[in-house]
Amino acid sequence: MPALNVEFSDRELEDLRQIAKERGTSMKALVREAAAADIARHRALQEGAEAFRRFFASHADEFAAAFPEDERSARGEGRVA
């Protein structure tokens, strides 16, 4: 399995040791779990953003009718102060 060396400050390393000890796990498992959770979160956010883009595109006419002032701004006409 590929590996990655990660550097931590002395304070971060001590905090990781303490958290791992409190959770009854190894530091390696703790860091891997945190990275895996962040990867899953990132993927979920990407999927959510894509779902929103699809929804918005499929309802673009409805949004334009409901928010005509935003529609003008989107086309670059903007407001003049």
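This write-up is about the structure you can find in this document. (Residues numbered from 1 in each chain as written. Predicted model: local features only at pLDDT ≥ 70, side-chain atom pairs only at ≥ 80, totals over all residues. Heavy atoms only, no water.)

## Side note on the overall build of the protein chain
What the protein chain contains, in helices and strands, is four helices and zero strands. Reading the secondary structure of the protein chain in the N-to-C direction produces α-α-α-α. For the protein chain, the exposed area adds up to about 7,500 Å²; of that, 55% sits on carbon and sulfur atoms. (Helix = DSSP H or I, 4+ residues; strand = E, 2+ residues; numbered from the N terminus. Areas by Shrake-Rupley, 256 points an atom, 1.4 Å probe, with all protein chains shown as cover.)

## Quick word on the pattern of salt bridges
Under the criterion given, the structure shown has four salt bridges. Note that Arg17 and Glu14 form a salt bridge whose closest N and O atoms lie 3.8 Å from each other. Remark: Glu14 and Arg17 occur in helix H1 (residues 10-23); sequence separation between them is three residues, near one turn of the helix. Linking Arg53 and Glu50 is a salt bridge whose minimum nitrogen-to-oxygen distance equals 3.3 Å. (Salt bridge = Lys/Arg side-chain N within 4 Å of Asp/Glu carboxyl O.)

## Structural notes on H1
An ideal rise of 1.5 Å per residue puts 20 Å on 14 residues; H1 measures up with 20 Å between its terminal C-alpha atoms. One or two steps after H1, the chain reaches Gly24, where phi turns positive at roughly 70°. (Expected span 1.5 Å × (residues − 1).)

## Focus: a nonpolar patch on the surface
Judged by side-chain polarity, Leu4, Val6, Phe8 and Val31 come together as a nonpolar surface patch covering roughly 350 Å² of accessible area. Mapping Val31 onto the fold places it in helix H2 (residues 27-58). A residue is classified by how much of its surface remains accessible, and Val31, at 30% relative accessible area, is partly exposed. (Patch = residues over 30% accessible without salt bridge, like charges linked within 9 Å, V, L, I, M, F, W, Y side chains within 5 Å. Buried < 20%, exposed > 50% of the residue type's maximum accessible area, 1.4 Å probe, protein only.)

## Looking at the layout of surface pockets
A volume near 430 Å³ is recorded for the largest pocket. If you go around the largest pocket, you meet 13 residues; those closest to its centre are Ala3, Leu4, Lys28, Val31 and Arg32. For the lining of the largest pocket, the per-class residue count stands at 10 nonpolar, one polar and two charged. (1 Å grid on protein atoms, 1.4 Å probe; cavity = no way out; pocket = protein on both sides within 12 Å on 5 of 7 lines; lining within 4 Å. Points joined across faces, edges and corners; volume = space filled by probe spheres on them. Nonpolar A, V, L, I, M, F, W, Y, C, P; charged D, E, K, R; others polar.)

## Overview of the packing of H1 against H2
In helix packing, the relevant descriptors are the interaxial angle and the interaxial distance, both defined with respect to the helix axes. Following both chains from N to C, one finds H1 and H2 inclined at 95°, their axes separated by 9 Å at the closest point. In terms of their interaxial angle, H1 and H2 are classed as roughly perpendicular. Contacts between H1 and H2 involve Leu13, Leu16, Arg17, Ile19, Ala20 and Arg23 from the former and Met27, Leu30, Val31 and Glu33 from the latter. Of the residues in the contact of H1 with H2, the class split is seven nonpolar, no polar and three charged. (Axes fitted to C-alpha atoms, helices over the stretch in contact; angles between N-to-C directions. Parallel < 35°, antiparallel > 145°, perpendicular 65-115°, else oblique. Contact = heavy atoms within 4.5 Å.)

## Points about the packing of aromatic side chains
Each pair of aromatic rings is reported with the distance of its centres and the angle of its planes. A full pass over the atoms with the stated rule returns three aromatic pairs. Seen from their ring centres, Phe55 and Phe63 are 6.2 Å apart, and the 80° between their planes marks the pair as edge-to-face. For Phe55, a relative accessible area of 43% corresponds to the partly exposed category. Site record: aromatic cluster; members linked through ring pairs are Phe52, Phe55, Phe56 and Phe63. (Phe/Tyr/Trp six-rings, centres within 6.5 Å; stacked < 30°, edge-to-face > 60°.)

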